[in-house]
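Observations on the model geometry
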Amino acid sequence: DTEVTQTPKHLVMGMTNKKSLKCEQHMGHRAMYWYKQKAKKPPELMFVYSYEKLSINESVPSRFSPECPNSSLLNLHLHALQPEDSALYLCASSQDRLGETQYFGPGTRLLVL
Amino acid sequence: AQSVTQLGSHVSVSEGALVLLRCNYSSSVPPYLFWYVQYPNQGLQLLLKYTTGATLVKGINGFEAEFKKSETSFHLTKPSAHMSDAAEYFCAVSVSRAGSYQLTFGKGTKLSVIP
């Protein structure tokens, strides 16, 4: 099974709301990733977790707060977002080695009003 | 720093024609290269990847790519395009950073298939 699941599929939120995106994998992968993707652009790396520890934060604004409760789960907590944060948010996982395939989830389409 | 460059942001082919999507890499060490496909409003799906060994890599849906070190290229081909191949295609290279590993993507190529 090479499936990464993400919930919700769609999310509409106001600028004062707090919401969370969830990602889950059961492939035994020890690296998990959050990406942001705008229309007609490649995915843009936000965060990398390696063995449940945050290893890369691409200078993402603090209104995005990642969390890795265990090796199978990855959350992205959202607070006080801006309309420009509207995008497709993708989660991925892989073995924590160079050259390993990243498996992507279907994404959460986020609209900030 | 390792990177990939995709030539052509948009490629149009007729159904049944050859598909050729271009990717060139920049790397001082042997690269690990990937091609992903993304259909509208979906995540990315691996088409194929090159690590070591055979330079001609076969992937899913009839796609293949050839790693050419002398040309620093990893172009994606398919002999006969199908309507279902219309999608966005991303070339990527695996890089090591801060004790972790990440993918660096090209800007993507949108493939249109004309009936």
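Above this text sits the structure in question.
The text that follows walks through the structure, step by step, so that each part is easy to find. Only a predicted model underlies this, so the values are computations on that prediction, with no experimental measurement involved.

The subject of this paragraph is the environment of His26 of chain A. Residue and element names in this part refer to chain A. Note that His26 resides in the loop between β3 (18–25) and β4 (31–37). Of the residues examined, His26 reaches a relative accessible area of 58% and is grouped as exposed. Residues His26 and Tyr103, spaced 77 residues apart in sequence, show a C-alpha to C-alpha distance of 11 Å. Setting aside anything within four residues of it in sequence, one finds His26 in contact with Glu3 and Ser72.

This part takes up the pattern of salt bridges. Tallied over the full model, the rule gives seven salt bridges over all chains. Across the pair Glu52 of chain A and Arg30 of chain A runs a salt bridge whose closest N-O atoms are separated by 2.8 Å. In this pair, Glu52 of chain A sits in the loop between β5 (44–50) and β6 (53–57) while Arg30 of chain A sits in the loop between β3 and β4, placing the two residues 22 residues apart along the sequence. The exposure class of Glu52 of chain A is partly exposed, given its relative accessible area of 33%. A residue is classified by how much of its surface remains accessible, and Arg30 of chain A, at 28% relative accessible area, is partly exposed. With its nearest N and O atoms 2.6 Å apart, the salt bridge here joins Glu58 of chain A to Arg97 of chain B. Within this pair, whereas Glu58 of chain A is found in the loop between β6 and β7 (64–70), its partner Arg97 of chain B is found in strand β9 (residues 87–97), the two belonging to separate chains.

Before going further, it helps to spend a moment on the pairing of strand β8 (residues 73–78) of chain B. All names here are of chain B. Burial within β8 is extensive, with five of its six residues counted as buried. Where strand β3 (residues 19–26) meets β8, four bridges bridge the pair, whose relative direction is antiparallel. Directly across from Leu20, in β8, lies its bridge partner Thr77. If you look at the hairpin formed by strand β7 (residues 64–68) and β8, you'll find four residues sitting between the two strands, and Thr72 has a positive phi there, around 45 degrees.

Residues and elements named next belong to chain A. The alternating pattern of strand β11 (residues 108–112) places Thr108, Leu110 and Val112 on a buried face, while none of Arg109 and Leu111, on the opposite face, is buried. Inspection of the sheet shows strand β2 (residues 10–13) paired to β11 by four bridges, in the parallel sense. The partner of Leu11 across the bridge, within β11, is Leu110. Pairing geometry for strand β9 (residues 87–94) and β11, over three bridges, is antiparallel. Among the inter-strand pairings, Tyr89 is bridged to a residue of β11, identified as Thr108.

As a further point, take the state of the cysteines. Covalent bonding between the sulfur atoms of two cysteines is what defines a disulfide. Residue and element names in this part refer to chain B. Here the structure, examined in full by the defined rule, presents two disulfides over all chains. Each disulfide pairs two cysteine sulfurs, and for Cys23 the partner residue is Cys91, the sulfurs being separated by 2.0 Å. Residues Cys23 and Cys91 are joined by a disulfide whose S-S torsion is about -65 degrees; by sign, that bridge is left-handed. Placement of the pair is Cys23 in strand β3 and Cys91 in strand β9, with a sequence separation of 68 residues. Cys91 sits in the buried class, given a relative accessible area of 0%.

Criteria and cut-off values
Residues numbered from 1 in each chain as written. Chains lettered and ligands numbered in written order. Predicted model: local features only at pLDDT ≥ 70, side-chain atom pairs only at ≥ 80, totals over all residues. Heavy atoms only, no water. Helix = DSSP H or I, 4+ residues; strand = E, 2+ residues; numbered from the N terminus. Buried < 20%, exposed > 50% of the residue type's maximum accessible area, 1.4 Å probe, protein only. Contact = heavy atoms within 4.5 Å. Salt bridge = Lys/Arg side-chain N within 4 Å of Asp/Glu carboxyl O. Pairing = 2+ DSSP bridges. Disulfide = S-S within 2.5 Å.

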